[in-house]
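# Summary of the model geometry
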Amino acid sequence: MADTDDATGGTRFHPAVPARSYPFRLKGCGSLDWGMQSRLARIFRPATGRTVMLAIDHGYFQGPTTGLERVDLSIIPLLQHADALMTTRGMVRSTVPPAAGVPIVLRASGGPSVLKELSDEQLAVSMEDAARINASAVAVQVFIGGEFETQSVHNMTRLVDAGQRYGIPVLAVTAVGKELTRDARYLRLATRICAELGAHFVKTYFCTDGFDTVTAGCPVPLVLAGGKKLPELDALTMAYQAIEGGAAGVDMGRNIFQSDYPEAMIRAVGAVVHESMKPQEAYEEFVRPHTQQADGAS
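In short, a report on the structure. Counting starts from 1 at the beginning of each chain's written sequence and moves along it residue by residue. Residues qualify for local features only when their pLDDT is at least 70, as the model is predicted, and side-chain atom pairs are given and counted only at 80 or more; totals for whole chains, interfaces and linings, by contrast, use all residues. To obtain the side-chain values, all non-hydrogen atoms of the structure were used and water was disregarded.

Each helix is a run of H or I in the DSSP string that is no shorter than four residues. Each strand is a run of E no shorter than two, and both are numbered from the N terminus. What the protein chain contains, in helices and strands, is 12 helices and 10 strands. By the compact-globule yardstick of 19 Å for 298 residues, the protein chain fits well, its C-alpha radius of gyration being 21 Å. With the principal axes as the frame, the protein chain shows a C-alpha extent of 75 × 50 × 40 Å. Burial analysis of the protein chain (298 residues in total) assigns 49% to the buried set. Methods summary: accessible areas were calculated by the Shrake-Rupley approach with a probe of 1.4 Å, and residue burial reflects only the protein chains presented. Per element, the accessible surface of the protein chain, about 14,900 Å² overall, is 50% carbon and sulfur. Considering the protein chain, the positive charge centre built from 28 side chains and the negative charge centre built from 32 side chains are found 2 Å apart. Computation of the radius of gyration draws on C-alpha atoms alone. For the globule rule, the value is 2.2 Å times the number of residues to the power 0.38. Only protein chains enter the area calculation, which uses a 1.4 Å probe; residues under 20% of their type maximum are buried, those over 50% are exposed, and those in between are partly exposed. Charged-residue counts in this description rest on Lys and Arg as positive and Asp and Glu as negative, His and the chain ends being excluded. A charge is said to be at NZ when it belongs to Lys, at CZ for Arg, at CG for Asp and at CD for Glu.

Turning next to unusual backbone geometry. Negative phi values dominate among residues other than glycine, just as trans dominates among peptide bonds. For His-14, which is not glycine, the phi dihedral falls at a positive 45°. Assignment of secondary structure puts His-14 in the segment before helix H1 (34-43). Its identity is not glycine, yet Ser-276 carries a phi of approximately 55°, on the positive side. With respect to the helices and strands, the residue Ser-276 is situated in the loop between helix H11 (262-275) and helix H12 (279-297). Ser-276 gets classed as partly exposed once you look at its relative accessible area, which sits at 32%.

To continue, consider the packing of aromatic side chains. Here the aromatic set is Phe, Tyr and Trp, taking the six-membered ring for Trp, and pairing holds for ring centres within 6.5 Å; pairs whose planes are under 30 degrees apart are stacked, those over 60 apart are edge-to-face, and all others are tilted. Scanning all chains against the criterion turns up three aromatic pairs. For the pair Tyr-60 and Phe-61, a centre-to-centre distance of 5.1 Å together with 70° between the ring planes defines the contact as edge-to-face. Distance and angle both matter: a charge sits over a ring if NZ of Lys or CZ of Arg is within 6 Å of the ring centre and within 35 degrees of the ring normal. Looking at Arg-182, its charged tip hangs above the ring of Tyr-205, at a distance of 3.8 Å from the centre.

The next subject is the pairing of strand E8 (residues 201-204). Neither face of E8 is open: one carries Phe-201 and Lys-203, the other Val-202 and Thr-204, and all of them are buried. One ladder, built from three bridges, connects E8 with strand E9 (residues 222-225); its direction is parallel. Its bridge partner lying in E9, Thr-204 is registered against Leu-224. A crossover links E8 with its parallel partner E9, the connecting element being helix H8 (residues 211-216), and its sense is right-handed. A pair of strands is treated as paired once DSSP finds two or more bridges between them. Clockwise travel from the first strand over the helix to the second, with the strands pointing away from the viewer, marks a crossover as right-handed.

This paragraph deals with the side chain of Asn-155. Note on placement: Asn-155 falls in helix H6 (residues 149-166). N or O atoms within 3.5 Å of each other form a polar contact, as long as, within protein, one can give a hydrogen and the other can take it, and as long as residues adjacent in sequence are counted only when both atoms are side-chain atoms. One polar contact links the side chain of Asn-155 to the main-chain carbonyl oxygen of Glu-121, over a distance of 3.0 Å. Note on contacts: a residue pair qualifies if any of its non-hydrogen atoms lie within 4.5 Å across the two residues. Leave out the neighbours within four places in its chain, and Asn-155 touches Glu-121, Gln-122, Leu-123 and Val-140.

Side-chain atoms within 4.5 Å link the members of a nonpolar core, which is a set of buried Ala, Val, Leu, Ile, Met, Phe, Trp, Tyr and Cys residues. Formed by 77 residues in total, the largest nonpolar core has its most connected members in Leu-54, Ile-75, Leu-85, Leu-106, Val-138 and Met-156. The element best represented in this core is H11, accounting for eight residues. Those residues in contact with Leu-106 that sit more than four places away from it in its chain are Thr-87, Thr-88, Arg-89, Val-92, Val-125, Ala-130, Ile-133, Ala-135, Ala-137, Val-138 and Ala-139. Within the second largest apolar cluster, 20 residues are counted, among which are Ala-55, Ala-137, Ala-139 and Phe-201.

Another point: the pattern of salt bridges. We define a salt bridge as a contact between a side-chain nitrogen of Lys or Arg and a carboxyl oxygen of Asp or Glu at a distance within 4 Å. All told, the structure shown has 11 salt bridges when counted by the stated rule. Among the ionic contacts, a cluster of salt bridges with common partners joins Arg-89, Arg-93, Glu-128, Asp-129 and Arg-132.

Counting buried positions along strand E6 (residues 137-142) yields six of six residues, so the element is predominantly enclosed. Pairing of strand E3 (residues 104-107) with E6, which is carried by three bridges, proceeds in the parallel orientation. Its bridge partner being in E6, Val-105 is matched across the sheet by Ala-137. Where E6 meets strand E7 (residues 170-174), five bridges bridge the pair, whose relative direction is parallel. Bridge assignment links Val-140 to a residue of E7, and that residue is Ala-172.

Here the focus is H6. Here the expected length of a helix is defined as 1.5 Å per residue gap, with one fewer gap than residues. The end-to-end C-alpha separation of H6 is 26 Å, in line with the 26 Å expected for 18 residues at 1.5 Å each. If you check which residues of H6 are buried, you get Ser-152, Val-153, Asn-155, Met-156, Thr-157, Leu-159, Val-160, Ala-162 and Gly-163. Of the residues trailing H6, Gly-167 is marked for its positive phi of about 75°.

This is the structure we're talking about:
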């Protein structure tokens, strides 16, 4: 038998010290279950409450996107600089090293390709498989104002219900079609609907006027979508302005992996997001040396 002498004779009860709790202080997550908060704490750095997500899920509807032709060569070296990787289960199982340690935000909706109506998405991954992959969150496209708006909202709410059972957060990705305007009024509408119906965090686009009203009106964290490829300094400026406007991070893809200097760019984005470094300073420290080397080589 185990030695039980004096097993309960300790004196370190500290009765005068109130019991402490350590909630994860992320916007809107105070009442979530422990597993939810733990997974969100993988994605959002507890020290800053912010995240730099690397989005590489473009292939789920448009095939081998420029910069993602060989994920094993172009993306895996960047994982050490990312707080989370947004990708598909096929890419996780075929290419992402299990020992990489990067939290996975798993694309869970899909169906139509760029050849069809994109808003006609269905759920494409079960929450059980997301748990099997050990995903830190699942992502679903929501097409507010799109042809299949209601269907996409129901996709999200079904995922939220499943996520509550499994303790896996849901990221709602607000999709903006060609016919919709990316202004504050629309973004407030789309992000608030997603949050009201249960999304645990929301990915949306930047607008130059009133972005702070978008973040203020959404009771859960907003993550900035990088959108189309911009010049590096412009992309850093957009990220900085979004963070200053209340965003809890960025989910960038093309502005990183389509850059001529993807590793320098993701490090610069990280400095802007987590250190509030000014865009010009981040560009000069991380990106400029590579452009000068390229100019010298030519």
